[in-house]
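# Observations on the three-dimensional arrangement
Letter by letter, the chains look like this.
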Amino acid sequence: MHILKAVMFPLLAVGSALALLLAMGKPWEKQFLKGGVIGAFFIKIAGCVLLYTLKPSLIRYSDARSFYLPQTLRLLSGEVPNRDFVSSYSFLFTPVLATPVKLWPSPGSIALEMILVETAMLWIYIARCRREAWDGGWRVAFLYALSPFSCYWVAVSGHNGVLIAFWVMLSLVLAERGRAALAGIAAALAFLTAKVLALLAWPGLVLFDREKRLARLLPLCVSLAAVASLSLAGVDSLGPLRGELRSSTHGNIWHIIGIVAPAIRGVVSWPYLPILAFLVFFVPMCVLFLRAYDRRYRFDRGAAFVAATFLLFLALSRKGFSTYLIMGLPFVIHAIFRSGHPRTFPMLFLILLEAIGFIEESHGGDSFGVFLIDGARIVSYAALFVFCFTAAVRESAENAQPAFRQRDPQENS
């Protein structure tokens, strides 16, 4: 399977981008993109069912097999997460998986649920673009649906990062439509039903618009208070956060520093440097984002800011699996296509990240090859971060990539 991934990831990353770029501007582009997105959905569903029915042993390791399924089975047997067993996920994560796992106790049921969640996210996004008379949303959906991250990490491995992407997408769409309280609830559910990493998207939502900030913020505060109160019932509500802080992976700047200067790993402040470095960048980001407010392009700016936040985290966190990019992938692609420069360097760095995304960061040592892969990831994260943050704070979005044709915003078809 590792050899298959080594071929599949680069092929999908390069092939989907080339197909899209060749189709752009053609009379048949929109139908081609629609067919690709819809076709990818049915292929993923059929492939998932066949794989986990006929040859489940092919997937020897995945989070769904190793963690999601066993923990959900323990929940179904009456145990409580982080009281009766240790879990790295939010309190409602296993309940979200409980029904499909009860019907089919296999990692395949989890992958199927994630495919459906992903499809719902794309449907919400395309519907939003249609209301805004921007058909370019199909380009974003096509590149996402045929990316190796979607085709393997979601459709085969059932990674839960797509849960965060779904709720964040819904939250941004609701915020754009003035449904501030519902937007806050959706963002809170990203945290409650997935993992603590969903909190990275919260500042982008709260700062999304100058109006109704309190209405968006209140559900987020309530969700944090609710999780904190679980300790009264004997639940270790801080367990997932401590697990994130203690873990480390390849693919980030700290691993590179640790290779070049291994003695620094013994410094007392070493565990806290990633948090400090993130805040050094993130606080000025928020200030600049606030100053560059433009109500006309709230969604575009908000999506770009969320994408930039996720990318900054991936570059500066000590734990940053490449699969985590799923959380921000639709927002990164949206920023690329709304920028007016889909054929330039951001696309190349995105293709590179997807092409090497099959490499497992949790093992591999400190070889020169691992050093090069880590360097490629970090440079790609940094380049895309600069691009997305620039898109979030630029003075206007008037040069945004046009749709297939300009339509009257009142048109409904």
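Residues numbered from 1 in each chain as written. Predicted model: local features only at pLDDT ≥ 70, side-chain atom pairs only at ≥ 80, totals over all residues. Heavy atoms only, no water.

### Concerning the overall build of the protein
Under the convention used in this document: The way it works is that DSSP assigns letters per residue, a run of H or I at least four long becomes a helix, a run of E at least two long becomes a strand, and they are numbered from the N terminus. Put simply, the radius of gyration uses C-alpha atoms, and a globule should come to 2.2 Å times the residue count raised to 0.38. By definition in these notes, contact holds between two residues if any of their heavy atoms fall within 4.5 Å. Each accessible area value is a Shrake-Rupley result obtained with a 1.4 Å probe; residue values ignore everything except the protein chains displayed when judging cover. In this tally Asp and Glu are treated as negative and Lys and Arg as positive; neither His nor the chain ends contributes. Taken as the charge centre is NZ of Lys, CZ of Arg, CG of Asp or CD of Glu, depending on the residue.
If you tally the helices and strands in the protein, you get 18 helices and zero strands. Whereas a compact globule of 413 residues would reach a radius of gyration of roughly 22 Å, the protein reaches 21 Å, a difference of no more than 12%. Across the protein, the fraction of contacts at a sequence separation of at least 24, relative to all contacts at a separation of at least 6, is 77%. For the protein, the computed accessible surface area is about 17800 Å², with 69% contributed by carbon and sulfur atoms. Of note, the protein has its 38 positive side-chain charges centred 2 Å away from the centre of its 24 negative side-chain charges.

### Description of the packing of aromatic side chains
Applicable threshold: Pairing of aromatic rings covers Phe, Tyr and the six-membered ring of Trp, with a centre-to-centre limit of 6.5 Å; geometry is then stacked below 30 degrees between planes, edge-to-face above 60, and tilted otherwise. Here, a charge over a ring means that NZ of Lys or CZ of Arg falls within 6 Å of the ring centre while also lying within 35 degrees of the ring normal.
Under the definition given, this model contains 21 aromatic pairs. Chaining the aromatic ring pairs together yields one cluster made of F9, F149, Y152, W153 and F358. We note R128 situated over the ring of F299; from NZ or CZ to the ring centre the distance is 4.1 Å.

### Let's talk about empty space enclosed by the protein
To keep things clear, this is the line we draw: With a 1 Å grid laid over protein atoms only, a set of points is called a cavity when a 1.4 Å probe fits there but cannot get out and a pocket when it is open yet has protein on both sides within 12 Å along at least five of seven lines; lining residues have an atom within 4 Å of a point. Grid points are joined across faces, edges and corners, and a volume is the space filled by probe spheres set on the points.
Applying the stated criterion across every chain yields a total of two cavities of 30 Å³ or more. The computed volume of the largest cavity comes to approximately 60 Å³. In this structure, the largest cavity is lined by L207, F208, R210, R213, F289, L290, Y293, D294, R298 and R301. For the lining of the largest cavity, the elements supplying multiple residues, two or more each, are α14 (273-291) and α15 (298-316).

### Let's talk about the environment of D300
To be explicit about the condition: Under the scheme applied here, a residue whose accessible area is under 20% of the maximum for its type counts as buried, over 50% as exposed, and between as partly exposed, the area being computed with a 1.4 Å probe on protein chains only. Contacts described as polar in this section are N or O atom pairs within 3.5 Å, which, within protein, must combine one atom able to donate a hydrogen with one able to accept it, while residues neighboring in sequence count only if both atoms come from side chains.
Examined against the element boundaries, D300 turns out to sit in helix α15. Judged by relative accessible area, which is 8%, D300 ranks as buried. Remark: the alpha-carbon pair of D300 and P10, spanning 290 residues in sequence, is separated by 28 Å. If sequence neighbours within four positions are ignored, D300 has contacts with R128, H334 and R338. Polar side-chain contacts of D300 include one of 2.7 Å to the side chain of H334.

### Thoughts on the side chain of T309
One can find T309 in helix α15. Leave out the neighbours within four places in its chain, and T309 touches L200, F278, F282 and M285.

### Comments concerning the pattern of salt bridges
Pairs can form between side chains of opposite charge whenever their charged atoms are close. Rule in force here: By definition here, a salt bridge exists when the distance from a side-chain nitrogen of Lys or Arg to a carboxyl oxygen of Asp or Glu is within 4 Å.
What the rule picks out here adds up to 11 salt bridges. In this structure, R296 engages D294 in a salt bridge whose closest nitrogen and oxygen atoms are separated by 2.9 Å. Overall, D294 belongs to the buried group, its relative accessible area being 11%. Residue R301 is joined to D294 by a salt bridge in which the shortest nitrogen-to-oxygen separation is 4.0 Å. By sharing partners, the salt bridges in this structure join D294, R296 and R301 into a single network.

### Some words on the nonpolar core
Definition in use: Residues enter a nonpolar core if they are buried and are Ala, Val, Leu, Ile, Met, Phe, Trp, Tyr or Cys, with the set joined through side-chain atoms within 4.5 Å.
If you look at the biggest cluster of nonpolar residues, it comprises 127 residues, and the most contacted ones within it are Y144 and F337. At 14 residues, α15 tops the list of elements feeding residues into this core.

### Description of the confidence of the model for the protein
For the record, the criterion: Confidence scores here are pLDDT values: one per residue, from the predictor, ranging 0 to 100.
Overall, the predicted model of the protein reaches an average pLDDT of 88, with 90% of residues at or above 70. Predicted confidence for residues 397-413 stays below pLDDT 50, and this span has 37 contacts to residues more than four positions away or in other chains.

### Observations regarding unusual backbone geometry
Of note in this structure, A133 is not a glycine but carries a positive phi near 60°. Looking at the secondary structure, you find A133 in the loop between α5 (107-131) and α6 (137-145). For K212, which is not glycine, the phi torsion reads 60° and is therefore positive. Inspection of the secondary structure puts K212 in the loop between α10 (202-206) and α11 (213-229).

### Re the side chain of K195
With respect to the secondary-structure elements, K195 resides in the loop between α9 (180-193) and α10. When its relative accessible area of 5% is taken as the criterion, K195 is described as buried. Every residue in contact with K195, bar those within four places of it in the chain, is listed here: S88, Y89, S90, N160, I164, A190 and Y324.

### Observations concerning the environment of P274
One can find P274 in helix α14. Given a relative accessible area of 9%, P274 falls into the buried group. Leave out the neighbours within four places in its chain, and P274 touches W254, L316, S317 and R318.

### With respect to a nonpolar patch on the surface
Which entries qualify depends on this criterion: Patches were defined on residues exceeding 30% relative accessible area and lacking a salt bridge, with like-charge contacts within 9 Å and nonpolar side-chain contacts (Val, Leu, Ile, Met, Phe, Trp, Tyr) within 5 Å.
Taken together, the side chains of I275, L279, V283 and V287 present a nonpolar region at the surface, about 310 Å² in accessible area. For V283, a relative accessible area of 47% corresponds to the partly exposed category.

### What about the state of the cysteines?
Applied cut-off: When two cysteine sulfur atoms lie within 2.5 Å, the pair is treated as a disulfide.
Tallied over the entire structure, the rule returns zero disulfides. The thiol sulfur of C48 is not disulfide-bonded, and the nearest other cysteine sulfur, from C151, lies at 12 Å.

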